[in-house]
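Observations on the three-dimensional arrangement
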Amino acid sequence: MSLILQKIVKEFTTHDRKHMRAVDNITLNLQDGKFHTLLGPSGCGKTTLLRMIAGFEQPTSGDIIFAGKRLNELPPQERGFSMVFRSYALFPHMNVIENISYGLKIKKLPKAEIVSRVEKAINMLSLHGQEEKHPNQMSGGQQQRVALARAMVMEPKIILFDEPLSNLDAKLRLHMRAQIRALQQRLGITAIYVTHDQEEAMAISDQIIVLNKGRVEQAGSPQEVYRKPATEFVANFIGGANIITTRALGRVKFSLLGEEYDFIEDHIPGHATGTGKAIIRPEAIHLDRENGRHSAKIENVTFLGSRINYVLSCHGVELHADVPWNGREEIFAAGTTVHFDIDSTSLHFVN
Amino acid sequence: MQSTSQKRKFDPVLAALLFFILGGLSLFVLWPLALVLKASVTSEGAFSAARYTEILANSQYAAPLWNSLKLGAVVAVAGTVVGYVFAYVLVMTSAPFKRVFRFIATFPIISPPFIVALAAIMLFGVNGVLRKEFLEPLFGTNLPSVYGFWGLFVVETITYFPTAFLVLVGVFAAIDPVLEEAAQNQGAGKFQTFRDVIFPLSIPGILSSVLLIFIESLADFGNPLILSGDYKVLAVEAYLKITGEYDTAGGAALAMLLLVPSLIAFFVQRYWLEKKSYVTLSGKPSSSRRPQSTWLTKAALFTLCAIPSAVVLLLYGSVIYGSFVQTWGADNTFTYTHYTGALNDAWDSLSDSLLLAAIATPITGIIGMIIAYLVVRRSFVGRTFMEVSAMLTFAVPGTVVGIGYILAFNDRPFLLTGTAVIIILLFIFRNAPVGIQSGMTAIRQLDRSIEEASANLGAGMLTTFRKIVLPLVAPAFFSGLAYSFVRSMTAVSAVIFVVSGTWNLATVSILGFVENSYLSKASAMCMILVAIVSVALGLMQTVVHRMGVNR
C-alpha cells in the first residue's frame, strides 16, 4: 500500500511563456504507516508535489502509483487522500459538525455511522462545546483542529498536510505538532507533510525528504539527514554547519584547518581524491582556554541562556561554535585567543 | 475607532464644514422628501389621509403599485440569474471570450437609460423590423405587444443585469479557490462542490443583487415611459399625474408608494445583508488556482452567456445601425443626416448637459470625499445622520426626488425652478453616494498613523486632508468623478421635473425625439452621448492610471 512517485516532472508556463520546472524528475517510495515530510525552502516544489498527490495538479510526466494502481488521471474526489490545508479551508457557511461530516455525507454513509464517527473525531481533537460554532467564531488553533478532524474523520488512506501550522503562534505550533504526531502514530496512518521548518520536520517525521529546486537532495530519517547530510545544501538547510575544505594526505590521513586527522571508515565515501568538504556541526567544536589541537580568535559572542554561540576565526576560515552553558563555564570575550578540539567521529564529508 | 475619552476642542474649520454639509443634506435631500410626504397627506391645506384610503379602494393607484412591484420582482430575479451566469463564467471558469462577455456585461452601465427600450421599439414595435419581417410571417399577427409587461421585462432585464454581474463578480472573486479543493478533497464532484460550497457562499450576493435590481427597476423611468403602454407603473404615473393632470397630491401619493418599498429594500440590503456576507478571504497566500473546466461545461456555460450577449448586441447594434441609415426598416442607404439633424435640434440641450455636468462633477467629487473623510475619521454629533442621509439618495427613486424638488424649490425662500442651480444641486446630491462609498472604503484602508504623522509634523485637518488623504485616495476620487459625470449625462428620471426652456438636457431631448417617433434621430443622439461618456471615462482612466504609476 505504499505510495510510489516515479520520475515526476511538473512544468508551469510563466507569464512570459517560459517553462518553469517546479518538480524535476522526482522518484520516491513513501512507505505505508510512516510520517513523511517534504522539507525545503519556498519554491523548492514541495507544495506542488503534494498537490499532485492530492490530485489538484497533473504531473507533466511521470507516474503516481498507490497500492499498485496508477492515480494520475483519477480526480481528487476519488483518491481518498484527506488534506489539511494551510489556510484550513473550512467552509465558512457550515458549523463545526457540518464541516466535519461533509465528506461522510458525500460518501452517503448511514446516518448512525456519520454521527458516531464525527463524535469520535470531536473527542479525539477535544472540540467539545464547539459543535455549533462557525469558523469565524473560532480561534486559529480551534479552526486548525476542526480542519484536522475533518481530514481524520474520512479515515483516509493517506493524510496530506500543507504547512498546516504556519499560521499559528509559536507555542500553539509546538502543541499541535505533538498532537498531529501522536494521532498519526495512534492511527497508524500514512502522512505526507509539507513544511519549510527544519525543526518541525525533525520533530515529527519518520522520513524527511529534503527538496531543492524541484529535486530530491536527500531522503532519510531525521537522524540520517542531520548526521550524514548528502549534500552541502542539506547540511546548510538542516541545522548549522561549518563546511571546511580538507585535503587528503595519502590514504589514511587528511588535513583539516592545518592539523592532521586519521580517516575513519565513515569519512571515506564522501572524500574525493585530493580535496574534500567536511561538515563540522557547531556543537562538535569544544572550546578550552589552554588545551586543544587548534587555536582560534573569538570574533563574536552571542549569549542565548542555555547556550553560547561563538564566531571564531582560524586559518582565515570563519567557524561557528555552539557551546552549552550551565552557569559555570567561562564565557570567552571577543578578541581572546582560545583552543579547540573537533570530535573527529562526528565529521562528515559531502561531495 | 474613535476614543471616547479624548474630547476634541472646538474646531472652527470642522464646524463650518459640518454646517454646510449637514445643511445641504437637510435642505436638498431630506426636506424635498418630507414635502412629498406632506403633500401626500394634505388636501386643500388640511391634513387628510384621503389619498391613502383611496389607494386601498381605487385601482388607479393600486394597479401601478402592483404592476411596479411585480415587474421589479421578476426583473430582479431574471437580471440576477443572467448576471450570475456571466459572473460565474468570468470568475470561476476558463471559458473562451471572457473579455467580450465582460464588455457586454458592463457596457449597458454607461449608456443612456432608454436606449434599450428604443432598440426594442425599432425591432419589435408595431412597425418593428424583426416583428414585420420574421415574427409575424412565422407566428401570425397575434403576437404580444412590445408595449407592456413583456417588453418592459426583457428591456429592464437587459438594462439592469450588469448590476447583478458587478455584485456577483465581487462575491465570486472573494471565494477562496482552496474551498473548492477542500470540497473535492472530501469527495465532492464538480456539481456537489457548486451545490454545497459555491452556491451557498454566493447567496448573500444573490439576495443583495436581487434587492438592488428591484430598487433600480422600481425607479426606472425612461424605459417604462417609452414602453409601458397599458401596463402602468408608479414612476411614470406619478410623473404624468403632475405634468399632465397637475395633481400634485396625487403624484406625491404615488411617489410615496414608490418610495416605501425602495427604502425597505435598501435598508435590508445595506444594514442586514451586508452583515450576513461570508468573508472567506484569509489574507494568506493561497497556492490554489481555479480549476480548469471540462470541455462540456465550457460549451454549456459559453452558450448560456452567448444568448443574452447576442440579445444585447442585437439591441445596441440596431441603435447604431439605425442612426446611420436613411429610413429604418425601409431605406438602408448610409447617411449621417440624423446626426446633423439631432445636433441641430438638440445642440442647446447637449451643451447644457455638458456644461452642467462639468460644473457638478468636481463639486460632487469633492463633497463626496469630504463626507467620506468626516464619516470615517472624525467624531461629531450627527455623524450617523450624515452617513445615512448622504447614502439615502441612492435608494430614493428619481421620480420621488424630482417631485420633491418641484415642491421644495418652486416658491420662496428657495425659488430655484427654471435655473441652472437646481439642476446642478440635483446632480450633486443624487450622484454623491457612489463617490462617498468608494471614498469611505479607500479611507478605511489608509493607515491612521499616516494622518497622525502629518498632524504630528504640524499640519491642520484641512492640510492633512488636502496633502495626505486626497492624494492617497485619488483613484477612489476619480472613479467617483467618472461615475457622477456618467450619471449626470445619462440620467433622466429626476431631472425631467426640473428642466426648463432655458436649461434643458440631452436625455430629455432624446425622449422628445422618441415621443415624436424620430427614432433615427433619437438613436443618433444616444450614440453621441455614449461617445462623449466613453471619451470622458477614457480620460479619467488615463488620469487614474498615471497617478497609480506615480505612487
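Residues numbered from 1 in each chain as written. Chains lettered and ligands numbered in written order. Predicted model: local features only at pLDDT ≥ 70, side-chain atom pairs only at ≥ 80, totals over all residues. Heavy atoms only, no water.

Concerning the overall build of chain B
Along the backbone of chain B there are 22 helices and four strands. What you see for chain B is a C-alpha radius of gyration of 25 Å, in line with the 24 Å of a compact globule of 551 residues. Counting only C-alpha atoms, chain B reaches 75 × 70 × 50 Å along its principal axes. With 551 residues in all, chain B has 54% of them scored as buried. Counting only contacts in chain B whose residues sit at least 6 apart along the sequence, the fraction spanning at least 24 positions is 81%. Within the structure as shown, chain B displays about 24700 Å² of accessible surface, and the carbon and sulfur contribution to it stands at 67%. Between the centroid of the 35 positive side chains of chain B and the centroid of its 27 negative side chains there is a distance of 12 Å. (Helix = DSSP H or I, 4+ residues; strand = E, 2+ residues; numbered from the N terminus. Rg over C-alpha atoms; globule rule 2.2 N^0.38 Å. Buried < 20%, exposed > 50% of the residue type's maximum accessible area, 1.4 Å probe, protein only. Contact = heavy atoms within 4.5 Å. Areas by Shrake-Rupley, 256 points an atom, 1.4 Å probe, with all protein chains shown as cover. Lys, Arg positive; Asp, Glu negative; His and termini not counted. Charge placed at Lys NZ, Arg CZ, Asp CG, Glu CD.)

Thoughts on the overall build of chain A
For chain A, the count of helices and strands is eight helices and 20 strands. On the principal axes, the C-alpha backbone points of chain A span a range of 75 × 50 × 40 Å. Here chain A holds 351 residues, and 49% of them are scored as buried. Residue pairs at least 24 apart in sequence account for 67% of intrachain contacts in chain A once pairs closer than 6 positions are excluded. Carbon together with sulfur atoms contributes 49% to the accessible area of chain A, which is approximately 16400 Å² in total. In chain A, 41 side chains carry a positive charge and 39 a negative one; their mean positions are 7 Å apart.

Things to note about the pattern of salt bridges
This model, assessed by the stated rule, comprises 21 salt bridges over all chains. Here Arg 70 of chain A makes a salt bridge to Glu 73 of chain A, at a shortest N to O gap of 2.8 Å. Among the residues examined, Arg 70 of chain A registers a relative accessible area of 47% and is labelled partly exposed. The class for Glu 73 of chain A is exposed, based on a relative accessible area of 57%. The partner of Glu 113 of chain A in a salt bridge is Arg 117 of chain A, and the shortest N-O contact between them spans 3.2 Å. With Glu 113 of chain A and Arg 117 of chain A both in helix H3 (residues 111-124), this residue pair falls four residues apart, about one helical turn. Owing to a relative accessible area of 30%, Glu 113 of chain A belongs among the partly exposed residues under this scheme. Arg 117 of chain A gets classed as buried once you look at its relative accessible area, which sits at 11%. Counted as one network, the salt bridges with shared partners bring together Lys 10, Arg 51 and Glu 57 of chain A together with Glu 181 of chain B. (Salt bridge = Lys/Arg side-chain N within 4 Å of Asp/Glu carboxyl O.)

Comments concerning the sheet that holds strand S20 (residues 348-350) of chain A
All names here are of chain A. The five strands are arranged S13-S12-S11-S14-S20 in an open sheet whose pairing can be described as antiparallel. Every interior strand has two partners, whereas the edge strands, strand S13 (259-262) and S20, have only one. For this sheet, the mean inter-axis angle between neighbouring strands, taken without regard to orientation, is 45°. Strand direction decides the pairing type here: strand S11 (residues 242-249) and strand S14 (residues 275-280), joined by six bridges, are antiparallel. Following the sheet pairing, Asn 242 is matched in S14 by Ile 280. (Pairing = 2+ DSSP bridges. Axes fitted to C-alpha atoms, helices over the stretch in contact; angles between N-to-C directions.)

Concerning the pairing of strand S17 (residues 307-314) of chain A
Residue and element names in this part refer to chain A. Two strands pair when backbone bridges link them, and strand S16 (residues 294-303) and S17 are joined in this way by six bridges, in the antiparallel orientation. Within S17, the residue paired with Phe 303 across the bridge is Ile 308. Hairpin connection of S16 to S17: three residues between the antiparallel strands, including Gly 305 at a positive phi of 95°. Of the pairings in the sheet, the one linking S17 to strand S18 (residues 317-324) comprises eight bridges and is antiparallel in character.

Considerations on the interface of chain B and chain A
In this assembly, 25 residues from chain B lie in contact with 27 residues from chain A. Here chain B and chain A share one salt bridge between them. Here Glu 181 of chain B makes a salt bridge to Arg 51 of chain A, at a shortest N to O gap of 2.7 Å. Counting across the interface, chain B meets chain A through eight residue pairs in polar contact (both at pLDDT 80 or more). Listed by contribution, the elements that provide at least two residues to the side of chain B that touches chain A are helix H8 (177-185) and helix H9 (190-219) of chain B. Tallying contributions element by element places H8 of chain B first for the side of chain B that touches chain A, with seven residues. (Polar contact = N/O pair within 3.5 Å; in protein donor to acceptor, adjacent residues only side chain to side chain.)

A word on the nonpolar core
Leu 3 and Leu 49 of chain A together with Phe 172 and Met 386 of chain B are the most contacted members of the largest nonpolar core, which totals 218 residues. Sequence-distant contacts of Leu 49 of chain A, that is, excluding residues within four places in its chain, are made with Leu 5, Ile 8, Val 23, Ile 26, Leu 28, Leu 38 and Leu 211 of chain A. Formed by 33 residues, the second largest nonpolar core is a distinct cluster that contains Tyr 88, Leu 127, Phe 161 and Ala 191 of chain A. (Core = buried A, V, L, I, M, F, W, Y, C linked by side-chain atoms within 4.5 Å.)

Focus: unusual backbone geometry
All names here are of chain A. Look at Ala 67: it is not a glycine, yet its phi comes out positive at around 50°. Assignment of secondary structure puts Ala 67 in the loop between strand S4 (61-66) and strand S5 (69-70). A positive phi angle, close to 50°, is found at Lys 213, a residue other than glycine. Position of Lys 213 relative to the elements: it lies in the loop between strand S9 (207-212) and strand S10 (215-220). Its relative accessible area of 65% is what places Lys 213 among the exposed residues.

A look at the environment of Leu 392 of chain B
Mapped onto the secondary structure, Leu 392 of chain B falls in helix H15 (residues 383-392). Sequence separation between Leu 392 of chain B and Leu 273 of chain B is 119 residues, and the spatial gap between their C-alpha atoms is 17 Å.

Comments concerning the sheet that holds strand S15 (residues 285-288) of chain A
Residue and element names in this part refer to chain A. An order of S15-S19-S16-S17-S18 is seen for the five strands of this open sheet, with the pairing classed as antiparallel. Two strands bound the open sheet, and with one partner strand each, they are S15 and S18. The average undirected angle you get between the axes of adjacent strands in this sheet is 45°.

So, helix H4 (residues 140-152) of chain A
The end-to-end C-alpha separation of H4 of chain A is 18 Å, in line with the 18 Å expected for 13 residues at 1.5 Å each. In terms of burial, H4 of chain A is a largely internal element, 12 of the 13 residues being buried. Within the sequence span of H4 of chain A, burial applies to Gly 141, Gln 142, Gln 143, Gln 144, Arg 145, Val 146, Ala 147, Leu 148, Ala 149, Arg 150, Ala 151 and Met 152 of chain A. Those residues of H4 of chain A that are buried lie in contact with strand S6 (81-84), helix H2 (96-106), H3, strand S7 (158-162) and helix H5 (170-187) of chain A together with H8 of chain B. (Expected span 1.5 Å × (residues − 1).)

As for the environment of Asp 247 of chain B
Residue and element names in this part refer to chain B. The residue Asp 247 is located in the loop between helix H11 (234-243) and helix H12 (248-276) in this model. Residues within four places of Asp 247 in sequence aside, it is in contact with Arg 51, Tyr 61, Lys 241 and Ile 242. A polar side-chain atom of Asp 247 sits 2.8 Å from the main-chain amide nitrogen of Gly 250.

Topic: the pairing of strand S8 (residues 190-195) of chain A
Residues and elements named next belong to chain A. Taking burial as the measure, the six residues of S8 include six buried ones, the bulk of the element. Both faces of S8 are covered, namely the face carrying Thr 190, Ile 192 and Val 194 and the face carrying Ala 191, Tyr 193 and Thr 195. Here strand S3 (residues 35-39) runs beside S8; their pairing, made up of five bridges, is parallel. Directly across from Phe 35, in S8, lies its bridge partner Ala 191. Pairing between S7 and S8: five bridges, direction parallel. For Ile 159, the partnering residue across the bridge sits in S8 and is Ala 191. Each parallel crossover has a hand, and the one from S7 via H5 to S8 is right-handed. (Right-handed = clockwise from strand over helix to strand, strands pointing away.)

Overview of the side chain of Thr 93 of chain B
All names here are of chain B. Structurally, the position occupied by Thr 93 is in the loop between helix H3 (59-92) and helix H4 (98-106). On the basis of relative accessible area, Thr 93 is assigned to the buried category, the value being 8%. Among the polar contacts listed, one links the side chain of Thr 93 to the backbone oxygen of Val 89, at a separation of 2.7 Å.

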